[in-house]
Amino acid sequence: MSRPRPLPLDPIEEAHRQWVGHGWGEVADGMAAVTSLVRAQQIVMARVDEALKPTGLTFSRYELLMLLSFSKTGTLPMAKASARLQVHPTSVTNTVDRLEAAELVERVPHPSDRRTTLIEITDAGRALAAKATEELNTRVFALPGLPPDRLHTLLQLLAEFRYAAGDFDTGEGTARWSAGTTT
């Protein structure tokens, strides 16, 4: 993937300057942080989309295939998949619809609970997930854009942000990227 030509200035830094100039200095850092996170997400997703393009998968479909492939039986209830992916059940239903149409997963009845539908990965789904993982590992995950020590710092900061937002709760234990831990 070719890199776009860089802008001659940092637009987020300029927005920060404008925020301060308009009297919003007390929230300018927060605006810059949020805007930087959104822009970073756009950059990362462009790289992910490019790597997944040959597989025909979107990142949400890839995530569901990997979730299923990591499960002991290759199956999960729809509700559990929704919770683990942290998305609305409707989103999982739409993703399953697309994957099922491509014969990468199938819906199967739960053996002991008639109210529950299981999602089961097919052999074709496993094979495509493995191919997609190889692409992502090589083209995106191996080259995250930061050296290892800075990447660890970023992971610590993002874990702190996510924890404060209620994204997860490790209870009494420490999260992998808590401040002061090492890899």
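This structure is a prediction, so every number in the text was calculated from the model and none was measured.

Caption draft 1: Broad picture of the overall build of the chain. A tally of helices and strands in the chain yields 7 helices and 3 strands. For 183 residues, the compact-globule formula gives about 16 Å, and the C-alpha radius of gyration of the chain, at 20 Å, lies well above that figure. Projecting the C-alpha coordinates of the chain onto the three principal axes gives extents of approximately 60 × 45 × 35 Å. With 183 residues in all, the chain has 26% of them scored as buried. The long-range fraction of contacts in the chain, counting pairs at least 24 apart against all pairs at least 6 apart in sequence, stands at 49%. Counting only carbon and sulfur atoms, one obtains 56% of the accessible surface of the chain, whose full area is about 12700 Å². Positive and negative side-chain charges of the chain, numbering 20 and 22 respectively, have mean locations separated by a distance of 4 Å.

Caption draft 2: Local environment of the layout of surface pockets. Empty space within the largest pocket amounts to approximately 1500 Å³. In terms of lining, the largest pocket is formed by 29 residues, of which the most central are Ala40, Gln41, Val44, Leu154 and Leu158. For the lining of the largest pocket, the elements supplying multiple residues, two or more each, are helix H2 (25–52), helix H3 (59–70), helix H6 (123–141) and helix H7 (148–164). With 11 residues, the top contributor of residues to the lining of the largest pocket is H2.

Caption draft 3: Quick peek at the pattern of salt bridges. A complete count under the given rule lists 6 salt bridges for this structure. For the salt bridge of Arg107 with Asp97, the shortest nitrogen-to-oxygen distance reads 2.6 Å. Of the two residues, Arg107 is situated in strand E2 (residues 105–109) and Asp97 in helix H5 (residues 89–101); the sequence distance between them amounts to 10 residues. Taking the relative accessible area as the measure of exposure, Asp97 reaches 35% and is therefore partly exposed. The salt bridge partner of Arg115 is Asp113, with a shortest N-O separation of 3.2 Å. Look at Arg115 and you get exposed, because its relative accessible area is 78%.

Caption draft 4: Main features of H2. Its 28 residues give H2 an end-to-end C-alpha distance of 41 Å, which sits within 8% of 40 Å, the value for a rise of 1.5 Å per residue. Along H2, the residues that are buried comprise Ala28, Met31, Ala32, Val48, Ala51 and Leu52. For H2, the secondary structure elements touched by its buried residues are helix H1 (11–21), H3 and H6.

Caption draft 5: Structural detail: the environment of Leu118. Note on placement: Leu118 falls in strand E3 (residues 117–121). Spatially, the C-alpha atoms of Leu118 and Pro77 are 4.2 Å apart, while their sequence positions differ by 41 residues. Residues within four places of Leu118 in sequence aside, it is in contact with Thr75, Leu76, Pro77, Glu106, Arg107, Val108, Pro109, His110 and Pro111.

Caption draft 6: Representation of the pairing of E3. Inspection of the sheet shows strand E1 (residues 75–77) paired to E3 by 3 bridges, in the antiparallel sense. Within the sheet, the bridge partner assigned to Leu76 lies in E3 and is Ile119. Two elements, E2 and E3, share 5 bridges in a ladder whose sense is antiparallel. Of the residues in E3, the one forming a bridge with Val108 is Leu118.

What counts as what
Residues numbered from 1 in each chain as written. Predicted model: local features only at pLDDT ≥ 70, side-chain atom pairs only at ≥ 80, totals over all residues. Heavy atoms only, no water. Helix = DSSP H or I, 4+ residues; strand = E, 2+ residues; numbered from the N terminus. Rg over C-alpha atoms; globule rule 2.2 N^0.38 Å. Buried < 20%, exposed > 50% of the residue type's maximum accessible area, 1.4 Å probe, protein only. Contact = heavy atoms within 4.5 Å. Areas by Shrake-Rupley, 256 points an atom, 1.4 Å probe, with all protein chains shown as cover. Lys, Arg positive; Asp, Glu negative; His and termini not counted. Charge placed at Lys NZ, Arg CZ, Asp CG, Glu CD. 1 Å grid on protein atoms, 1.4 Å probe; cavity = no way out; pocket = protein on both sides within 12 Å on 5 of 7 lines; lining within 4 Å. Points joined across faces, edges and corners; volume = space filled by probe spheres on them. Salt bridge = Lys/Arg side-chain N within 4 Å of Asp/Glu carboxyl O. Expected span 1.5 Å × (residues − 1). Pairing = 2+ DSSP bridges.

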